[in-house]
Amino acid sequence: VYGEDPPLVCVACGFAWSIDPADALDAIASSPDRFEAALVGRDGTVVPADGSWNATAYVWHLTDLVRSWSERWAQISDAPGSLLVGWDPDELAAVRSYTSLPTTAGLWALRSAVGIFVEVTATVTFDTPFEHGDWGMGDVGDGLRWLGHEFHHHEQDVIARAR
């Protein structure tokens, strides 16, 4: 998942890669409240001048990520060690038109998807193995750390982009 020489922290956001998987899960589970707080009274649909994703696009991105990882946990709860198919998040963002989607629906979808993710995570253990199509071998703990990073990192993106 991290390559041969993983960093101690993400240089862009300060996320500590040594986080305990349970703590990463807790951070993901509590994220809908933080994203709602970051967007209350602010416009998440304003597209930055450089044309990059707006705040709401990051909410939809995380929603799709956590949904896909829920599906993956359901898969490996039945078939530990099986292959998890990778997909390109930028292609999905383009197909779904993330920057055009509404904030309110995105926050609702994120809360729903995170709830399902927390529920399905209880069906696996942190050491349940998988083979990821892009990363190679890993386990649920690795997946939780990676997804925890995505939530931490993109929370900062949402705060920076909401107007």
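First, a word on what this report is: a plain description of the structure on this page.

In this section: the overall build of the chain. From N to C terminus, the chain includes six helices and three strands. Along the chain direction, N to C, the helices and strands of the chain fall in the order α-α-α-β-α-α-β-β-α. Relative to a compact globule of 163 residues, whose C-alpha radius of gyration would be 15 Å, the chain shows 16 Å and is just as compact. For the C-alpha atoms alone, the extent of the chain along its principal axes is close to 40 × 30 × 30 Å. Scored against the burial criterion, the 163 residues of the chain give a buried share of 46%. Restricting to contacts in the chain with at least 6 residues of sequence separation, those with at least 24 account for 77%. Of the roughly 8,000 Å² of accessible surface on the chain, 56% is carried by carbon and sulfur atoms. Put simply, the chain has 9 plus and 24 minus side-chain charges, and the middle of one group is 10 Å from the middle of the other.

With that out of the way, let us pick up the sheet that holds strand β2 (residues 129-132). The three strands are arranged β1-β2-β3 in an open sheet whose pairing can be described as mixed. Across the chains shown, the open sheet's two edge strands, defined by having one partner strand only, are β1 (83-84) and β3 (136-139). One ladder, built from two bridges, connects β1 with β2; its direction is parallel. When the bridges of β2 are listed, L83 appears paired with E131. Along the sheet, helix α3 (residues 55-78) contacts β1 and β2; its crossing angle with β2, the most-contacted strand, is approximately 125 degrees. Along the sheet, helix α6 (residues 140-161) makes contact with β2 and β3, crossing β3 at roughly 90 degrees.

Relative to the helices and strands, R161 is located in helix α6. On the basis of relative accessible area, R161 is assigned to the buried category, the value being 18%. Apart from the residues within four sequence positions on either side, R161 is in contact with D43, P48, S52, W53, N54, A55 and Y58.

To continue, consider the packing of aromatic side chains. What the rule picks out here adds up to eleven aromatic pairs. Relative to W73, the ring of W69 has its centre 5.2 Å away and its plane inclined at 65 degrees; by these criteria the two rings are edge-to-face. Here W73 and W69 lie together in helix α3, a separation of four residues that amounts to about one turn. An aromatic cluster is present here, built from W69, W73, F117, F130, W135 and W146 joined pairwise through their rings. For the cation-ring pair, R72 lies above W69, with the distance from its terminal atom to the ring centre recorded as 4.5 Å.

Cut-off values and rules
Residues numbered from 1 in each chain as written. Predicted model: local features only at pLDDT ≥ 70, side-chain atom pairs only at ≥ 80, totals over all residues. Heavy atoms only, no water. Helix = DSSP H or I, 4+ residues; strand = E, 2+ residues; numbered from the N terminus. Rg over C-alpha atoms; globule rule 2.2 N^0.38 Å. Buried < 20%, exposed > 50% of the residue type's maximum accessible area, 1.4 Å probe, protein only. Contact = heavy atoms within 4.5 Å. Areas by Shrake-Rupley, 256 points an atom, 1.4 Å probe, with all protein chains shown as cover. Lys, Arg positive; Asp, Glu negative; His and termini not counted. Charge placed at Lys NZ, Arg CZ, Asp CG, Glu CD. Pairing = 2+ DSSP bridges. Axes fitted to C-alpha atoms, helices over the stretch in contact; angles between N-to-C directions. Phe/Tyr/Trp six-rings, centres within 6.5 Å; stacked < 30°, edge-to-face > 60°. Lys NZ or Arg CZ within 6 Å of the ring centre and 35° of its normal.

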